[in-house]
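# Residue-level structural notes
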Amino acid sequence: MGSAAGGPRATTPGQQLRALFYVVPPGESSFRTLEEVPDYVEKSIPFFIAFIVLEFAVSWVQKRKLSGRINDGISSLSLGILSRLPDVLFRSVDLISYIYVWNNYRLFELPWDSPWTWYLTFLGVDFAYYWFHRISHEVNILWAAHQVHHSSEDYNLFTALRQSVLQKYTSWMFNLPMALFIPPSVFAVHLQFNLLYQFWIHTEVVTNIGPLEWILNTPSHHRVHHGRNPYCIDKNYGGTLIIWDRIFGTFEAEDAKVVYGLTHPVNSFEPILLQLRPLAHIWNTFWATPGFCNKLSVLFKGPGWGPGKPRLGLPEEIPVITGKEVPFNPRVPAYLNCYAVVHFAVIMELYIDLLATVTVLSQGTILLRIFFIILSLTSFGFLMENRPKAGILEIIRCSVFLGVYKLGYLRNQLSLLDCAYERQITLPEKYLNQQTLSVFYLVNVNLI
């Protein structure tokens, strides 16, 4: 089944599409070596975009309103990009740890080309994900990483891409038992499929899929998981299958209208803040809590724990949902939304180009591009919140862009975009005062 040449096997668009729904059978997705395994996630990016557009269209037809907001959508995409940037520099910690255990401690080796190995790995990866996901909600230090995914007050396909940078550094240990007997190439396939399957369930346009609701994790089940209603808290942890929740008593069917987000909303679109604020809260709580055992409990008991409370906190302390909750949505001028969308599209294209060319770029160029992407995502977050210093940060970002672009570090393979890159760096005059505009134009004149 693996290619004789030992290189990555080409995947067809049909296989890439079916990978989103975990319907690529063993004969099409079994590989002898890890090097042959395609990057299904990267190849699925065009389908992510297509399904997001389709969701917007269906939502408009069904409800005469769009399925999301510009600010929240950009925030989710920014967090998704941010979560993938470490993989540009390093191989996934999931695979590094798995390969180490496989090479040094495996008990026996299941055949890589057996359908039984494929199905066993499917169950093993999903079972491990259930327990990792559950513990990420029940252990405060792990929740600090995972909560990023729950921070959106919208629920749409953008939310699926809202991922944590830190979570991958805690999930790897749950998969290690499989490394005692399941080849890394088989594990790597299912690790991606399990992640991809969870993309399509982040939507409100699919209501119910009939009898499959008993077995599979579905949009209905996962809406409950993302809810902050008291009945939704700590329910429906499954990845692909919902059977684990039914077995271990964490299943809850969708009932009252779900209100999405955290019980205590972060109220920000800035990706670095969304990643780090929970850690700062734990740090402050740790030092403010008296007693060594209590300090350990701050780290390893539930997010709702406090001295004298049960491990997971008191259910009655969960904020009551009235149905009148208003999502965080600062008023931003329409032209600024347009500006942010256009510039985010440029950064998105730059990110995709970085993934495609990382093997031929120097380490310095890669680091510079990563720095500029992070700077840009931070600036967009400031713009979406209409912060007072947003204009200054955007001027700095644009100046950095022009500098590194002129030096050739951001040149794109699509030369037709070269002129567009330079011409797009023009800030809305209404947004900036005359002093900051003059600085910006001076920078433009000197560099162009």
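Residues numbered from 1 in each chain as written. Predicted model: local features only at pLDDT ≥ 70, side-chain atom pairs only at ≥ 80, totals over all residues. Heavy atoms only, no water.

Let us look at the environment of Leu 279. Structurally, Leu 279 can be placed in helix H13 (residues 271-288). In the structure, Leu 279 is positioned 134 residues away from Ala 145 in sequence and 8.0 Å away in space, judged by C-alpha atoms. Setting aside chain neighbours within four positions, we find Leu 279 in contact with Ile 141, Ala 144 and Leu 166. (Helix = DSSP H or I, 4+ residues; strand = E, 2+ residues; numbered from the N terminus. Contact = heavy atoms within 4.5 Å.)

For the coordinates displayed, the defined rule picks out 27 aromatic pairs. Ring centres of Phe 108 and Phe 181 lie 5.6 Å apart, and the angle between their planes is 20 degrees; on these two criteria the pair is classed as stacked. Here Phe 181 lies in the loop between helix H9 (168-171) and helix H10 (184-200) and Phe 108 lies in the loop between helix H5 (93-105) and helix H6 (115-138), a separation of 73 residues in the sequence. Centre to centre, the rings of Phe 269 and Phe 328 are 5.2 Å apart; their planes meet at 35 degrees, and the pair counts as tilted. One end of the pair, Phe 269, is in the loop between helix H12 (243-248) and H13; the other, Phe 328, is in the loop between helix H14 (292-300) and helix H15 (334-357), with 59 residues separating them in the sequence. A connected cluster of aromatic rings, assembled from ring pairs, spans Tyr 22, Tyr 40, Trp 118, Tyr 119, Phe 122 and Phe 193. Here the guanidinium or amino end of Arg 106 rests over the ring plane of Trp 102, the centre of that ring lying 4.4 Å away. Cation over ring: Arg 246 sits above Phe 251, and NZ or CZ is 4.0 Å from the ring centre. (Phe/Tyr/Trp six-rings, centres within 6.5 Å; stacked < 30°, edge-to-face > 60°. Lys NZ or Arg CZ within 6 Å of the ring centre and 35° of its normal.)

Here H15 crosses helix H17 (residues 390-406) at 35 degrees, and the two axes come no closer than 14 Å. Of the two elements, H15 crosses H17, and the hand of that crossing is left-handed. Within the contact between the two elements, H15 uses Tyr 339, His 343 and Ile 347 and H17 uses Glu 394, Arg 397 and Cys 398. Here the residues of the contact of H15 with H17 are counted per class, giving three nonpolar, one polar and two charged. (Axes fitted to C-alpha atoms, helices over the stretch in contact; angles between N-to-C directions. Left-handed = near helix turned anticlockwise from the far one by under 90°. Nonpolar A, V, L, I, M, F, W, Y, C, P; charged D, E, K, R; others polar.)

Our next topic: unusual backbone geometry. Unusually for a residue other than glycine, Asp 234 sits at a positive phi of about 60 degrees. Mapped onto the secondary structure, Asp 234 falls in the loop between helix H11 (219-225) and H12. What makes Asp 234 partly exposed here is its relative accessible area of 26%. Notably, Asn 236 is not glycine yet its phi reads approximately 55 degrees, a positive angle. A relative accessible area of 0% means that Asn 236 is categorised as buried. (Buried < 20%, exposed > 50% of the residue type's maximum accessible area, 1.4 Å probe, protein only.)

What follows deals with the confidence of the model for the protein chain. On average, residues of the protein chain score 88 in pLDDT, and 89% of them reach the 70 mark or higher. In the model, residues 1-6 has pLDDT below 50 throughout and makes 16 contacts with residues more than four positions away in sequence or in other chains. When the criterion is pLDDT under 50, residues 427-448 qualifies, and its contacts beyond four places in sequence or with other chains add up to 39 contacts. (pLDDT = per-residue confidence, 0-100.)

Any two side chains of opposite charge can pair, given that their charged atoms come close. Taken as a whole, this structure holds 16 salt bridges when the rule is applied. Across the salt bridge formed by Glu 138 and Arg 134, the nearest N and O atoms sit 3.2 Å from each other. Here Glu 138 pairs with Arg 134, and both are found in helix H6, just four residues apart, close to one helical turn. For the pair Glu 138 and Arg 134, a shared accessibility class is recorded, and that class is buried. Put simply, Glu 153 and Arg 228 hold a salt bridge, and the shortest N to O gap is 3.6 Å. (Salt bridge = Lys/Arg side-chain N within 4 Å of Asp/Glu carboxyl O.)

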